[in-house]
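# Structural overview for review
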Amino acid sequence: VNVSRALSSPITLGPDHNDILAARDAGFVQLHCESCQEVLDSILMAYRIAEDPRVSTPVLVNFDGFFLSFTREPVELPEAEAVRAFLPQFRPDYPTFRASRPMAQGAAVLDGATYSYFRYQMHQAITNVLEVHEQVADEFEASFGRRYGPVEAYRLEDADTVLVMAGAFASKGKAAVNRWREQGRRVGLLRIRMVRPLPVRQLVAALGGRRAVGVIDQNISPGLGGILYHEIAGVLAGAAERPAALRSFIGGLGGKDISSAEFDHVLAALDGAQGEVAEPELLLTESDWRQVDQRLTVAGKPAEAMAS
């Protein structure tokens, strides 16, 4: 389990996803959770996925620091016997390292061909998760009554405009969608739950053909922009049907709130979007700028004056 924190010096307790996404190519399966119940359930599912012989790869369950790690909310705790039935004892058919059975293995420098083979096998194993996860999700639902897919579609049936988010802040996005629906706006939200492997088929099915899609990244890769935005843009580039407009927004860094006004700004920007715009837009309110000006000076000038 990883508790996402913003990467900073000095420290901040607030979450964003730069830490977990920095490890996205390290060879972990990644599941990103929205609620405390989902964290609990995903851990049980994660063991089943990791121990499946088609995968045999670590699974990392991620949830947002402070907003979830400091939150108490009711969860349903399954009975121990039901968990044992769903998650039997791990009995691999290959050698494993155990404290009760010491063993030593070593490898000198690998040649490029062998390394390439191992690395590609890691890719294949993580790709297998798409099939394994579906089977585990079916069994989990049968055992405990809750179902989780690689993505969650929220009010997408007739939506012409879609927000894409991940993690606990997706709850804020859902609240905005509910408010817009009451105003007669056809807006929905797609929450990405599985980041590795990236569920390409589900992303294309959910986003293809929409009038406008806005990806709100709770991360920023300096020199690139929003990480999930660029991954989704790459996925949709080869799709038969693409959204008419795809926009990138950066919000919630370090746990900064995404206000109702900022969500309204995102929707207004998507309403006026024409074609794809790759340049990301940082979500900051005037109040946020005043706070920055009070805290920082750069070369004797207010931070706002130094911003481009």
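These remarks concern the structure in this document. (Residues numbered from 1 in each chain as written. Predicted model: local features only at pLDDT ≥ 70, side-chain atom pairs only at ≥ 80, totals over all residues. Heavy atoms only, no water.)

## Focus: the sheet that holds strand E8 (residues 212-217)
One open sheet holds the 6 strands; their spatial order is E4-E6-E5-E8-E9-E10, and the pairing between them is mixed. Edge positions in the open sheet fall to strand E4 (151-154) and strand E10 (281-282), since each of these has one partner strand only. Alignment of E8 against strand E9 (residues 245-250), held across 6 bridges, turns out to be parallel. Within E9, the residue paired with alanine 212 across the bridge is alanine 245. Across the sheet, helix H7 (residues 200-207) is in contact with E4, strand E5 (161-165), strand E6 (187-192) and E8; its angle to E6 comes to roughly 175°. (Pairing = 2+ DSSP bridges. Helix = DSSP H or I, 4+ residues; strand = E, 2+ residues; numbered from the N terminus. Contact = heavy atoms within 4.5 Å. Axes fitted to C-alpha atoms, helices over the stretch in contact; angles between N-to-C directions.)

## Some details on unusual backbone geometry
The amide bond that connects arginine 196 to the next residue, proline 197, takes the cis arrangement and shows omega of 0°. Assignment of secondary structure puts proline 197 in the loop between strand E7 (194-196) and H7. You will see that serine 56, though not glycine, has its phi angle at about 45°, which is positive. Within the secondary structure layout, serine 56 lies in the loop between helix H2 (36-51) and strand E3 (59-64). For serine 56, a relative accessible area of 35% gives the class partly exposed. (Buried < 20%, exposed > 50% of the residue type's maximum accessible area, 1.4 Å probe, protein only.)

## A word on the pattern of salt bridges
For the structure shown, the criterion picks out 26 salt bridges. Across the pair glutamate 262 and lysine 256 runs a salt bridge whose closest N-O atoms are separated by 3.0 Å. One continuous salt-bridge network, built from bridges that share partners, spans Glu34, Glu38, Glu152, Lys174, Arg191 and Arg193. (Salt bridge = Lys/Arg side-chain N within 4 Å of Asp/Glu carboxyl O.)

## Some points on empty space enclosed by the protein
A complete count under the given rule lists 1 cavity of 30 Å³ or more for this structure. Size it by volume and the largest cavity reaches roughly 60 Å³. In terms of lining residues, the largest cavity is bounded by His17, Met165, Ala166, Phe169, Ile216, Asp217, Gln218, Leu228, Gly251 and Ile258. (1 Å grid on protein atoms, 1.4 Å probe; cavity = no way out; pocket = protein on both sides within 12 Å on 5 of 7 lines; lining within 4 Å. Points joined across faces, edges and corners; volume = space filled by probe spheres on them.)

## A few points about the sheet that holds strand E2 (residues 29-32)
If you trace the 4 strands from one edge of the open sheet to the other, you get E1-E3-E2-E7, paired in mixed fashion. Edge positions in the open sheet fall to strand E1 (2-4) and E7, since each of these has one partner strand only. Averaged over all pairs of adjacent strands, the angle between strand axes in this sheet comes to 30°, irrespective of strand direction. Pairing geometry for E2 and E3, over 4 bridges, is parallel. Each residue of the ladder has a partner; that of leucine 31, found in E3, is valine 61. Sheet strands in contact with H2 are E2 and E3, and its direction is about 165° off that of E3.

## What to know about the nonpolar core
In this structure, Met45, Ile49, Val59, Phe86 and Phe140 are the most contacted members of the largest nonpolar core, which totals 28 residues. Sorting the residues of this core by element identifies E2, H2, E3, helix H3 (80-86) and helix H5 (129-144) as the ones contributing at least two each. The element that contributes the greatest number of residues to this core is H2, accounting for 7 residues. In contact with isoleucine 49, not counting residues within four places along its chain, are Val55, Val59, Val129, Val132, His133 and Val136. (Core = buried A, V, L, I, M, F, W, Y, C linked by side-chain atoms within 4.5 Å.)

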